[in-house]
Amino acid sequence: MVRTAVTAEPQADELLHRLLATTEGQTDPYPLYHALRTLAPVHHSELDGMWYASGFSAARRILLDPCFGKAPRLTIRRHGVPEERVRMIERRPPRPSMITANPPEHARLRGAAKGAFLPTRIESLRSRVTSLVDESLDRLAALGTADVMAELAGPLPLAVISELLGVPEQDRTEFRRLVVAMVSSDDPHPPPEAVEQAEAASVQLEEYVLDLVSARRACPGDDVLSMLVEQHDGGTLAAAELTATVILLLAAGVFTTTNLIGNGLLALLHHPSQMGRLWGDPALVAPAVEEMLRYDTPIQLINRHVLSDVEVEGGARLEQGDTVVVLLGAANRDPTWFCEPDRFDVGRPDNGHLAFAWGTHFCLGARLARLEAQLVFSGLRERFTRLELAGEPVRRAGLALRGLETLPLRLEARSGPECRRRHSQNVV
Ligand code: HEM
């Protein structure tokens, strides 16, 4: 059956194969995105039966239109995702949280956690996040040469979310181990032992969250967990929803921000003139972070389920039950939306990227991620005169979560104590 006015071009499927199932796509997906978008901004693939949206206006429309929503179960049967990973994901019991819900359920689930991400609440974290950034920067300054992913980009978001949730200091090492083990099987080709460890970690993490919940119920604090427990006790959240929400906040909040910091640093290192501009002007920190989100988007793709038949850009007709993969990384490089999209410009005006999605599921943690990244880049430019690669960066496998495993850097610190702790005020 012909599904679409935009024909399922074999060329487009060949591009998709290179994008989703080869290292070429993982190394540099952007030329493939351009070629795919030029052929068909919305394409129905014969490889896996899914639709792929690579044009900005189609992607935004799909994220905003109520004809599209979430499937009751995570859809992972995408071309390039190995069968063992599909089975692993499908074995997991569904976790009922906002990210898998459609309106009106979605509003209740999101509403239960929303209080934790209000602007005033996030702003109140500024000085604590500044201290955590400073601690990492002190360590980097002392080391001189270090893997910035291990010393800064990895630990910082986990420390921040631990504080936000109220994970006690003494539990954080174990907590970190569990979170890292849980997501390590998200690689497209996880070794069997990583899959087993991830499953065990996921169970342990759930048990740990349940213990934390009991402790908070006995002794509430001023943290997000206490707030969620209150919602549960007030009847707004079921027990499974409470646990699922905590685990969602962990999974959504940690590796994404890590990837933003790593990808952003690498973009600066590859564009020394842009690093020079940023180092020379603190007012560029906020737009530079937006440009990092656009230029090398941490979450490259998300899925939507077609809830009722709908026609989109170019006459593509999608039927209820279809799945659409929204290629956020491709939309963010669309030349019909962004002027010279392959140029990394830390001062880019009107940067309305889709890195945090759009519409109903717009990232709840966007403000927190921005705060963390702005404080990191603000701190780096204040503390160090020069950053340079000290080895080859290693990219994480897979396209969906685009980030680095390691980023070895040589960092030249400014001399004098006055450079420390000024940056918390400089961020816009
Ligand atoms: C650079 C960092 C981040 C990026 C690029 C990012 C990106 C995204 C994207 C694309 C979505 C939409 C997912 C979908 O519709 O399927 C999303 C949703 C979400 N994000 Fe983030 N995120 C980041 C950081 C964070 C942080 C720090 C938190 C919280 C601690 C967070 C919490 C969430 C939650 C709870 C949702 C689900 C919202 C809903 O379903 O209503 N994110 N994020």
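Reading the values: rules and limits
Residues numbered from 1 in each chain as written. Predicted model: local features only at pLDDT ≥ 70, side-chain atom pairs only at ≥ 80, totals over all residues. Heavy atoms only, no water. Helix = DSSP H or I, 4+ residues; strand = E, 2+ residues; numbered from the N terminus. Contact = heavy atoms within 4.5 Å. Areas by Shrake-Rupley, 256 points an atom, 1.4 Å probe, with all protein chains shown as cover. Phe/Tyr/Trp six-rings, centres within 6.5 Å; stacked < 30°, edge-to-face > 60°. Buried < 20%, exposed > 50% of the residue type's maximum accessible area, 1.4 Å probe, protein only. Core = buried A, V, L, I, M, F, W, Y, C linked by side-chain atoms within 4.5 Å. Pairing = 2+ DSSP bridges. Axes fitted to C-alpha atoms, helices over the stretch in contact; angles between N-to-C directions. pLDDT = per-residue confidence, 0-100. Near = heavy atom within 4 Å. Polar contact = N/O pair within 3.5 Å; in protein donor to acceptor, adjacent residues only side chain to side chain.

**Things to note about the overall build of the protein chain**
Across its full length, the protein chain holds 19 helices and twelve strands. Long-range pairs, those at least 24 residues apart, make up 73% of the contacts in the protein chain with a sequence separation of at least 6. About 17,700 Å² of surface is accessible on the protein chain, with carbon and sulfur atoms providing 56% of the total.

**A closer look at the packing of aromatic side chains**
With the rule as written, the count across this model stands at six aromatic pairs. Taking the centre distance of 5.5 Å and the plane angle of 80° together, the rings of F56 and F338 count as edge-to-face. With F56 in helix 4 (residues 56-64) and F338 in the loop between helix 17 (328-331) and helix 18 (366-383), the pair connects residues that are 282 residues apart, well separated along the chain. Plain terms: the ring middles of Y295 and F344 are 5.1 Å apart, the flat faces sit at 55° to each other, and that makes the pair tilted. Pair noted here: Y295 is in helix 16 (residues 285-295) and F344 is in the loop between helix 17 and helix 18, with a separation of 49 residues, a long-range link. Grouping residues by exposure puts Y295 and F344 together as buried. Following the ring pairs from residue to residue traces out a cluster consisting of F56, W337 and F338.

**Considerations on the nonpolar core**
Judged by nonpolar contacts, the single largest core of 90 residues is most densely connected at L268, L380 and L387. If sequence neighbours within four positions are ignored, L268 has contacts with Q274, M275, L278, W279, M292, F344, V346 and F377. If you look at the next biggest cluster of nonpolar residues, it comprises 23 residues, including I62, I302, V306 and L354.

**Observations regarding the sheet that holds strand 3 (residues 68-69)**
Taking strand neighbours across the sheet as the criterion, the five strands line up as 1-2-8-5-3 in an open arrangement whose pairing is mixed. Unpaired on one side and paired on the other, strand 1 (42-44) and strand 3 mark the two borders of the sheet. Note: strand 3 against strand 5 (residues 301-306), two bridges, orientation antiparallel. Paired with F68 across the bridge in strand 5 is V306. Together, strand 1, strand 2 (51-53) and strand 5 form the strand contacts of helix 1 (residues 10-21), whose direction differs from that of strand 1 by roughly 95°.

**Details of the side chain of N263**
Examined against the element boundaries, N263 turns out to sit in helix 14 (residues 239-270). When residues no more than four places from it in sequence are discounted, the contact partners of N263 are D296, P298, R395, R402, G403 and L404.

**Thoughts on the sheet that holds strand 9 (residues 384-389)**
The strand order 4-12-9 describes an open sheet built from three strands, whose pairing is antiparallel. Each edge of the open sheet is held by one strand with a lone partner, namely strand 4 (145-147) and strand 9. Each neighbouring strand pair of the sheet contributes to a mean axis angle of 30°, computed without reference to strand direction. In terms of strand pairing, strand 4 meets strand 12 (residues 408-413) through three bridges, oriented antiparallel. Bridge assignment links D147 to a residue of strand 12, and that residue is P408. Contacts between helix 14 and the sheet are confined to strand 9 and strand 12, with strand 9 contributing the most and set at about 90° to the helix.

**Remarks on the side chain of T257**
Mapped onto the elements, T257 comes out in helix 14. Excluding residues within four positions of it along the chain, T257 makes contact with P157, A369 and E372.

**Re the confidence of the model for the protein chain**
Overall, the prediction assigns the protein chain a mean pLDDT of 88, with 88% of residues at 70 or greater. Throughout residues 424-428 the model reports pLDDT below 50, and contacts reaching past four residues in sequence, or to other chains, amount to 13 contacts.

**Description of the site of the ligand**
Around the ligand lies a shell of 29 residues, among which K70, H106, R110, H361 and C363 are the nearest. Contacts to the ligand include H106, whose side-chain N or O atom sits 2.7 Å from an oxygen atom. A distance of 2.7 Å is found between an oxygen atom of the ligand and a side-chain nitrogen or oxygen belonging to R110. Going through the elements one at a time, helix 6 (105-114), helix 14 and strand 5 are the ones with two or more residues in the shell around the ligand.

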